[in-house]
Amino acid sequence: VTSGANNRALTMFTNEADGTPSDDNPSVDTTQTTMRSYRQAEGSWSLNPSDHSDECNANGGVYNMGFDAIDNTPPVLRVKWAANCSIPYHYHPTGALYYIQYGTMYFDGDYASSDPMSETGFNMGDVRWVRPGFDYGPEYNGAEPMEITVLGTVGTSHDQ
């Protein structure tokens, strides 16, 4: 049994005549982009602007491939890391979602601990979300190269 209020909510975005989605439903707004790919073949790598250690640079450094927001689609940042690299303390004003492509990633500041080895490693296929404005860092990898994809890269702020 549904109440009148729930029934109205269920029918708010349907066409009363035949039950199909109405033009009032944002998911069927034909002026919005409905699908987008962020393909490596359509981007190019550039040197990550953060300061990196001599060891990191000697191993190959850190490179970014950025995809700007288009219409209603989010920006995406791919980051390729050589072994033993880090990115300094920072935050994302709009939050961020990390997807680990390969390698292992660590985030200092995820857990309150005096033991620097207590950080949790995120491995290939893992996903990590940080709320808007949450500051942490550094983020780093170990002895193996790593690549990540990050959604929520608008206005990243580094403490340098």
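Our structure's up above, just so we're on the same page.
Since this is a predicted model, take the numbers as computed values, not measurements.

Peer 1: Please give an account of the overall build of the chain that cites residues and values.
Peer 2: Counting secondary structure elements, the chain contains two helices and 13 strands. Within the chain, buried positions represent 28% of all 160 residues. For the chain, contacts bridging at least 24 residues in sequence account for 68% of all contacts bridging at least 6.

Peer 1: Give a description of the pattern of salt bridges that names residues and reports values.
Peer 2: On inspection of all chains with the given rule, the structure shows two salt bridges. In this structure, Glu147 engages Arg78 in a salt bridge whose closest nitrogen and oxygen atoms are separated by 2.7 Å. Taken as a pair, Glu147 in strand E12 (residues 146-151) and Arg78 in strand E3 (residues 76-81) lie far apart in primary sequence, 69 residues in all. A relative accessible area of 10% places Arg78 in the buried class.

Peer 1: I'd like a description of the state of the cysteines, backed by residues and values.
Peer 2: For the structure shown, the criterion picks out one disulfide. Between the sulfur of Cys56 and that of Cys85 lies a disulfide, 1.9 Å long from S to S. Its torsion about the S-S bond being 100 degrees, the disulfide of Cys56 and Cys85 is classed as right-handed. Of this pair, Cys56 sits in helix H2 (residues 54-59) while Cys85 is found in the loop between E3 and strand E4 (86-87), placing the two residues 29 residues apart along the sequence. By the burial criterion, Cys56 is buried, and Cys85 matches it.

Peer 1: Any details on the side chain of Thr73? Residues and values, ideally.
Peer 2: Relative to the helices and strands, Thr73 is located in the loop between strand E2 (62-67) and E3. Reaching out from Thr73, the side chain makes a polar contact with the side chain of Arg36 at a distance of 2.9 Å. A polar contact is formed between the side chain of Thr73 and the backbone oxygen of Ile70, at a distance of 2.6 Å. Aside from chain neighbours lying at most four places away, what touches Thr73 is Thr33, Arg36 and Tyr38.

Peer 1: Residues and numbers for the packing of aromatic side chains, please.
Peer 2: Applying the stated criterion to the full structure yields six aromatic pairs. A centroid spacing of 5.1 Å and a plane angle of 80 degrees characterise the contact between Tyr98 and Phe107, whose relative ring orientation is edge-to-face. Ring centres of Tyr106 and Tyr140 lie 5.3 Å apart, and the angle between their planes is 20 degrees; this geometry places the pair in the stacked category. Within this pair, whereas Tyr106 is found in strand E7 (residues 104-107), its partner Tyr140 is found in strand E11 (residues 139-141), the two being separated by 34 residues in sequence. On the basis of relative accessible area, Tyr140 is assigned to the partly exposed category, the value being 23%. One aromatic cluster is present, formed by Tyr98, Phe107, Phe122, Phe134 and Tyr136 through successive ring pairs.

Peer 1: For the nonpolar core, give the residues involved together with the corresponding values.
Peer 2: Ranked by internal contacts, the top residues of the largest apolar core, which has 19 residues, are Val62, Val79, Trp81, Tyr98, Met105 and Ile148. Where this core is concerned, the elements lending two or more residues are E3, strand E6 (96-102), E7 and E12. Once residues within four sequence positions are removed from consideration, Tyr98 is found in contact with His90, His92, Met105, Phe107, Asp126, Val127, Arg128, Tyr136, Glu139, Ile148, Thr149 and Val150.

Cut-offs applied
Residues numbered from 1 in each chain as written. Predicted model: local features only at pLDDT ≥ 70, side-chain atom pairs only at ≥ 80, totals over all residues. Heavy atoms only, no water. Helix = DSSP H or I, 4+ residues; strand = E, 2+ residues; numbered from the N terminus. Buried < 20%, exposed > 50% of the residue type's maximum accessible area, 1.4 Å probe, protein only. Contact = heavy atoms within 4.5 Å. Salt bridge = Lys/Arg side-chain N within 4 Å of Asp/Glu carboxyl O. Disulfide = S-S within 2.5 Å. Polar contact = N/O pair within 3.5 Å; in protein donor to acceptor, adjacent residues only side chain to side chain. Phe/Tyr/Trp six-rings, centres within 6.5 Å; stacked < 30°, edge-to-face > 60°. Core = buried A, V, L, I, M, F, W, Y, C linked by side-chain atoms within 4.5 Å.

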